[in-house]
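Residue-level listing of the chains:
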Amino acid sequence: MLIQKINIMSLANKKLSEIVSEFPFVAGLLENHDLDYCCKGKQTLEVACVSAAKLEAVEEELISLINEKGLNSKDFNPDSLSNSELVDHIINK
């Protein structure tokens, strides 16, 4: 199952921390681009990328990875899990 097309503008205007919360598996990709989603997680992707060229490249990679994983953020939302369910998920993954 592929994710519905992600609106590029919605990624550019999302905070880095929100992107990683929604799609945890993209954390490494952001780290590879020196984008700090932790301490500077309140920055939007657009602001963090600084240049339009970097923003375009990162967005392309993000969308590709999200589609490759075939995950829809609605399928897994850690905020909706109880503590025991979250622990089980972590142990099993």
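Rules and cut-offs
- Residues numbered from 1 in each chain as written.
- Predicted model: local features only at pLDDT ≥ 70, side-chain atom pairs only at ≥ 80, totals over all residues.
- Heavy atoms only, no water.
- Helix = DSSP H or I, 4+ residues; strand = E, 2+ residues; numbered from the N terminus.
- Buried < 20%, exposed > 50% of the residue type's maximum accessible area, 1.4 Å probe, protein only.
- Phe/Tyr/Trp six-rings, centres within 6.5 Å; stacked < 30°, edge-to-face > 60°.

### Some thoughts on the environment of Asn-32
Its place among the elements puts Asn-32 in helix α3 (residues 27-32). Here Asn-32 falls in the exposed class, since its relative accessible area comes to 67%. Residues Asn-32 and Val-58, 26 residues apart in the sequence, show an inter-C-alpha distance of 9.9 Å.

### Describing the packing of aromatic side chains
Under the counting rule described, the total for this entry stands at one aromatic pair. Ring geometry for Phe-23 against Phe-25: centres 6.1 Å apart, planes inclined by 65 degrees, an arrangement best described as edge-to-face. In this structure Phe-23 comes out as buried when scored by relative accessible area, which is 6%.

Interpretation note: all reported values are geometric properties and have no functional meaning in isolation.
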